[in-house]
Amino acid sequence: MHPMVSRIKKRLGNSTDIVDRQINNITYIYLESVSSDDKVSNFLNKSITKINNFDDLLIRLENSIYNSHITTLNDLEECYYYLASGYTCLFIKGYTKYIAIETKTKLDRGITESSSEPLIRGPKDSFTENHAINIGLIRKRIKDPNLWIEETKIGRRTKTKVSVIYIKDIAQSRHIKMIKKHLSNIDIDGIIDSGYIRDYLENKQKTSFPKMISTERPDLTCQNLLNGKIVILVENSPIVLVLPATLDDFLKSSEDYYQKSINATFSRILRYIAFFVTILTPALYIALMTFNQEMIPDQLLISLAGQRSQVPFPTFVEVLIFIITFEILREADIRSPSVAGASMSIVGALVLGDAAVAAGIVSPIVIIVVAITSICELVFSDMDMANAIRQWRLIFIFSTIFTGIIGIVVAGIVLIIKLCSIESLNTPYLIPFSPLNINIIKDSIFLVPANKRTKRPDYITNNIKKAGES
Amino acid sequence: MKRLLIALTFILLLTGCWNYRELNDYAIATGMAIDYEDGEYEVSLLFTNGSKKEDEDTQVTVTSEKGKTIYEAIKNISLSMPKEIYISHLSVIVFSEDMAIHGITPALDYLLREPQSHQNFYLIVAKDTKAKDTLTILTPLADYPSQNITANIKITEKLQGRITNASFNNFVSKILQKGVNPITNSIIIVGNEEEGTKKEEQENSVASAYTKLDTLGLFKNDKLIGWTTMEESIGINMLLGDVNILYLNIPCGNNNMVITSTSYKVKNNIDKNKVTVNINANGMIKEVGCSVNLEDPKTIKEYEQKAEEKMKEYIDMGIEKAKSLKTDIFGYGNMIYRKYPNYFNSIKDWDEIFPNLEIDVNVEFTLAHKGSLEQTIGEFTK
């Protein structure tokens, strides 16, 4: 046996998935858990009989195995990365350099439909855990030579591939530089999902609002690439990160561009309404019910007074009880297996909806308030956005408990200041509203027809012309 | 974060708005009635609380107490209340005739001064009955009496020329301005009052008692000085321009023809001693009880003239009434004050001069529509 092989085996602790075999002067080693036995036996065994010379072996392999990646290595440390990636390493007696040949087995699910960001009309595919497939899904949509992919390996132990993808002549080089700098500063044990690195990519500003889009939709990713944004793909993660992001990006859907623009405008206005409704409704309800009753119309007030009269708790306690109950129900629904879904909805609808009112714990209007709030929250498919909204909703509620409408106004001012101060890759978060940018408003709350949208957003790119005459 | 904390501290310091109240702690008063007897005010509040159970109706109670001042009377009411009295949602205030004759300044001052008071309610005077009783009559068409009265005023005011828009703000602004006096609507109770207060009343198909809007009350400053008749009410409202739909009964054969106005405009020309009022109205025929040829332009002309005469007749009655009571409810004094302030200021008491003011009324009425029927039934069958 080649001495290096025994060193490798020792280094790997004689793990059970190591397979090594000697044929004449050649010893090869691979990990059966990540390699395909078929490939090893079909291609390798047949090619390597009776060769003693390293160069001969290399030539023979290159001439007989066409569809696999072959490389020559010297450093033994590199061997572990290749073995774990599904390579087979070949050692020849008398040589310290060795050959690594790809014999990967398929450990991925296929390309499936997106489950977290479904569309009615539009491409159905979504990213998978396979890095090459993910890049392929982007590459097949943008066949421009300027689509550049830069790869680094991050993670001391996981050695995960992280690719930065951008269109060279649209994306700003300072953005790319900044991202690369952030990536090079990452010192982490392992990266299991793209979520691991997002904290490193954000600057030090503390905010709950997401500063990058995370999506599993290749079409949305490509729309953003074409606008000059930069995409970060992480191996083994179906979620890609897109930078820079503004608040407006979270109120858009890739589907908007597949519809008539006027209809998309309507949906977008609805989303903006939902954004404010879901943040403000419970706070507004508390303010009106406990401080500013004079703002409620007569008949509604009398009806509300009747509903409230059997509830012994203060209004904000009532609202908090129900909001927290709903959040728990939602969390349970996400975590629980789908078979438990039916019983969950029965408990949710009957116990929370009907029985809580009958028992006099909450008044019916609170159920309506919480229902409207949570329905509007579901408009936002981005988890981080939904969490930020949830957090601000609570801030609004707590500031209202003490001061009513004034609390809402103050919390609103704080929220606006906060949003204005957020920057994602030096891009103002509230653009195009603050600073006002008419060119971008055409594709934010409104969506003008495609033939009128001839410019890329100028806050991301200097190359803003994308169609039409100059 | 530090800045946020500072901002939050300021919130806590702004205690002026610190008025946390649960809705359960409030007794919501939606109507107020003020009676006056032997130097004491009797204030009645109509409390409306929503029903506790879904299938129950709204619950109403009227509580009244006496006091030397209105505030005292309200505080006396709160002695019997398990909740805080909440008057932001008052929608109507009923004064008794005695109270209106005595002068309603105390009530107006209290309602203007009290921060909780919202000041968008109607003022109305109860005629021939205690003000309190008007708040106790239940009707099947409205959930509670105050809603009944306000909706009655709000809707009828638009559909008839007889009712004026006597909102609190309107009334107070007229008192505060020079050379104009306010008017209000009046309300009467028809039928058996005692029966009308019962809960079953809302299920009866024939109401044993109901409230009804009546003629106008003319004020001099804050004091009621007289009632009008129906015709005078119409005339007064016509001069005030407060007419949305006016209807006129014009004799025709043995019967009457009803003509209503569809558009109505008043233009005043002010001079020091003379006011010229030009009224321009379009109208349509609503009902014809006789047989006339409506296709003949001469007939139309004839009835236009008759309508003009009728309108003039109403207006003259209204002017006559106001002049006889020496109260300028039309606000001509105010218009003169705006145009000739020096002249107006040289007059000591405008209301003494007002009866001598020459009011010249020109009416122009155009019969523009005949409704869905072009001809009369009588003409058809000839």
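Residues numbered from 1 in each chain as written. Chains lettered and ligands numbered in written order. Predicted model: local features only at pLDDT ≥ 70, side-chain atom pairs only at ≥ 80, totals over all residues. Heavy atoms only, no water.

Caption draft 1: How the structure looks around the state of the cysteines. Residue and element names in this part refer to chain B. Per the stated rule, a full pass over the model turns up one disulfide over all chains. Between the sulfur atoms of C252 and its disulfide mate C290 the distance is 1.4 Å. Its torsion about the S-S bond being -65°, the disulfide of C252 and C290 is classed as left-handed. Here C252, found in strand 10 (residues 247–252), pairs with C290, found in the loop between strand 12 (274–288) and helix 10 (297–325); they are 38 residues apart in sequence, far enough to count as distant. For C252, a relative accessible area of 1% gives the class buried. Residue class for C290 comes out buried when judged on its relative accessible area of 14%. (Disulfide = S-S within 2.5 Å. Helix = DSSP H or I, 4+ residues; strand = E, 2+ residues; numbered from the N terminus. Buried < 20%, exposed > 50% of the residue type's maximum accessible area, 1.4 Å probe, protein only.)

Caption draft 2: Just the sheet that holds strand 10 (residues 240–243) of chain A, in detail. Residues and elements named next belong to chain A. On the basis of which strands lie adjacent, the open sheet formed by five strands has the order 6-7-9-10-8 and antiparallel pairing. Each of the sheet's edge strands pairs with one partner strand only, and the pair in question is strand 6 (147–154) and strand 8 (213–215). Taken pair by pair, the neighbouring strands of this sheet meet at an average axis angle of 25°, ignoring direction. Where strand 9 (residues 230–234) and strand 10 come together, three bridges link them in antiparallel fashion. Looking at the pairing, I232 lines up with L241 of strand 10. (Pairing = 2+ DSSP bridges. Axes fitted to C-alpha atoms, helices over the stretch in contact; angles between N-to-C directions.)

Caption draft 3: Helix 10 (residues 261–290) of chain A, seen in detail. Between its first and last C-alpha atoms helix 10 of chain A spans 43 Å; for 30 residues at 1.5 Å apiece the expected length is 44 Å, and the two agree. Taken as a whole, helix 10 of chain A carries its principal kink of about 45° at L280 of chain A; the proline P282 of chain A stands between one and four residues after it. (Expected span 1.5 Å × (residues − 1). Bend = angle between axes of the 7 residues up to and from the residue.)

Caption draft 4: The packing of helix 10 of chain A against helix 15 (residues 383–403) of chain A, seen in detail. Residue and element names in this part refer to chain A. Helix 15 packs onto helix 10 with a crossing angle of 20° between their chain directions and a minimal axis gap of 9 Å. Here helix 10 is positioned roughly parallel relative to helix 15, judged by the angle of their axes. In terms of crossing hand, the pair formed by helix 10 and helix 15 is right-handed. Seen from helix 10, the contacting residues are F275, T278, I279, L280, P282, A283, I286 and A287; seen from helix 15, they are M385, I389, R393, F396, I397 and T400. Partitioned by chemical class, the residues of the contact of helix 10 with helix 15 number eleven nonpolar, two polar and one charged. (Parallel < 35°, antiparallel > 145°, perpendicular 65-115°, else oblique. Left-handed = near helix turned anticlockwise from the far one by under 90°. Contact = heavy atoms within 4.5 Å. Nonpolar A, V, L, I, M, F, W, Y, C, P; charged D, E, K, R; others polar.)

Caption draft 5: Summary view of the environment of Y26 of chain B. Here Y26 of chain B is to be found in strand 1 (residues 26–37). The class of Y26 of chain B is buried, set by a relative accessible area of 6%. Each C-alpha atom of the pair Y26 of chain B and K83 of chain B lies 5.3 Å from the other, and the pair is 57 residues apart in sequence. For Y26 of chain B, the residues in contact, after removing those within four places along its chain, are Q293 of chain A together with R21, N49, K83, E84 and Y86 of chain B.

Caption draft 6: Geometry of the packing of aromatic side chains. Taken as a whole, this structure holds 21 aromatic pairs over all chains when the rule is applied. Put simply, the rings of F330, Y332, Y337, F344, W350 and F354 of chain B touch in pairs and so form one group of aromatic residues. Across the ring face of Y80 of chain A, the terminal group of R11 of chain A is positioned such that the distance to the ring centre comes to 5.1 Å. For the cation-ring pair, K127 of chain B lies above W227 of chain B, with the distance from its terminal atom to the ring centre recorded as 4.9 Å. (Phe/Tyr/Trp six-rings, centres within 6.5 Å; stacked < 30°, edge-to-face > 60°. Lys NZ or Arg CZ within 6 Å of the ring centre and 35° of its normal.)

Caption draft 7: Summary view of the environment of S41 of chain A. Structurally, the position occupied by S41 of chain A is in helix 2 (residues 37–47). Each C-alpha atom of the pair S41 of chain A and C222 of chain A lies 40 Å from the other, and the pair is 181 residues apart in sequence.

Caption draft 8: Just a nonpolar patch on the surface, in detail. Residue and element names in this part refer to chain A. Residues F266, I269, L270, I273 and F446 make up a contiguous nonpolar surface patch of roughly 470 Å² in combined accessible area. On the secondary structure map, L270 appears in helix 10. The exposure class assigned to L270 is partly exposed, which follows from its relative accessible area of 43%. (Patch = residues over 30% accessible without salt bridge, like charges linked within 9 Å, V, L, I, M, F, W, Y side chains within 5 Å. Areas by Shrake-Rupley, 256 points an atom, 1.4 Å probe, with all protein chains shown as cover. Salt bridge = Lys/Arg side-chain N within 4 Å of Asp/Glu carboxyl O.)

Caption draft 9: Local environment of the side chain of S237 of chain A. Residues and elements named next belong to chain A. Structurally, the position occupied by S237 is in the loop between strand 9 and strand 10. Of the polar contacts made by the side chain of S237, one reaches the side chain of D193; its length is 2.9 Å. The residues contacting S237, other than those within four sequence positions of it, are T128, E129, N134, D193 and S194. (Polar contact = N/O pair within 3.5 Å; in protein donor to acceptor, adjacent residues only side chain to side chain.)

Caption draft 10: Highlighting the interface of chain B and chain A. Facing 26 residues of chain B, the contacting portion of chain A comprises 28 residues. In this structure, the connection of chain B to chain A is made through one salt bridge. Note that R308 of chain A and E22 of chain B form a salt bridge whose closest N and O atoms lie 2.8 Å from each other. At the boundary of chain B and chain A, one finds nine residue pairs in polar contact (both at pLDDT 80 or more). The set of elements that each furnish at least two residues to the side of chain B that touches chain A consists of helix 1 (2–13), strand 1 and strand 2 (40–49) of chain B. Of the residues forming the side of chain B that touches chain A, the biggest block, three residues, is contributed by strand 1 of chain B. Across the side of chain B that touches chain A, the residue classes break down as ten nonpolar, 13 polar and three charged.

Caption draft 11: Quick peek at the pairing of strand 8 (residues 209–220) of chain B. All names here are of chain B. The buried fraction of strand 8 is high, at nine of twelve residues. Judged from the four bridges that link them, strand 8 and strand 9 (residues 223–227) form a sheet pairing that is antiparallel. Counterpart to L218 in the pairing with strand 9 is G226. Here strand 8 folds back onto strand 9, and the loop between the two strands holds two residues, one of which, N221, carries a positive phi near 50°.

Caption draft 12: Structural context of the layout of surface pockets. Residue and element names in this part refer to chain A. Approximately 950 Å³ is the volume attributed to the second largest pocket. In this structure, the second largest pocket is lined by 33 residues; those nearest its centre are Y81, A84, S85, E235 and N236. Where the lining of the second largest pocket is concerned, the elements lending two or more residues are helix 4 (76–84), helix 5 (131–139), strand 6 and strand 7 (160–167). Of the residues forming the lining of the second largest pocket, the biggest block, five residues, is contributed by helix 4. Classifying every residue of the lining of the second largest pocket by side-chain character gives eleven nonpolar, nine polar and 13 charged. (1 Å grid on protein atoms, 1.4 Å probe; cavity = no way out; pocket = protein on both sides within 12 Å on 5 of 7 lines; lining within 4 Å. Points joined across faces, edges and corners; volume = space filled by probe spheres on them.)

Caption draft 13: Spatial organisation of the confidence of the model for chain B. The pLDDT averaged across chain B works out to 87; a share of 95% of its residues lies at or above 70. Under the prediction, the complex receives an ipTM of 0.79, its pTM being 0.84. (pLDDT = per-residue confidence, 0-100.)

Caption draft 14: Highlighting the sheet that holds strand 13 (residues 358–369) of chain B. Residue and element names in this part refer to chain B. Across the sheet, which stays open at both edges, the four strands sit in the order 10-11-12-13 with mixed pairing between neighbours. Strands at the two margins of the open sheet, each flanked by one partner only, are strand 10 and strand 13. In this sheet, adjacent strand axes meet at a mean angle of 35° when their direction is disregarded. Running over the sheet, helix 11 (residues 332–339) touches strand 11 (255–270), strand 12 and strand 13 and is turned about 25° from strand 11.

Caption draft 15: Expanded view of the nonpolar core. By size, the foremost hydrophobic cluster in this structure holds 46 residues, and its most contacted members are M238, M311, F330, Y332 and V361 of chain B. Counting only elements with at least two residues in this core, the list comes to strand 8, helix 9 (230–240), strand 10, strand 11, strand 12, helix 10, helix 11 and strand 13 of chain B. Of the residues forming this core, the biggest block, eight residues, is contributed by helix 10 of chain B. When residues no more than four places from it in sequence are discounted, the contact partners of Y332 of chain B are G179, L239, N268, I270, V275, V277, W350, F354, L357 and I359 of chain B. Membership of the second largest hydrophobic core comes to 43 residues, among which are A245, L247, Y272 and V410 of chain A. (Core = buried A, V, L, I, M, F, W, Y, C linked by side-chain atoms within 4.5 Å.)

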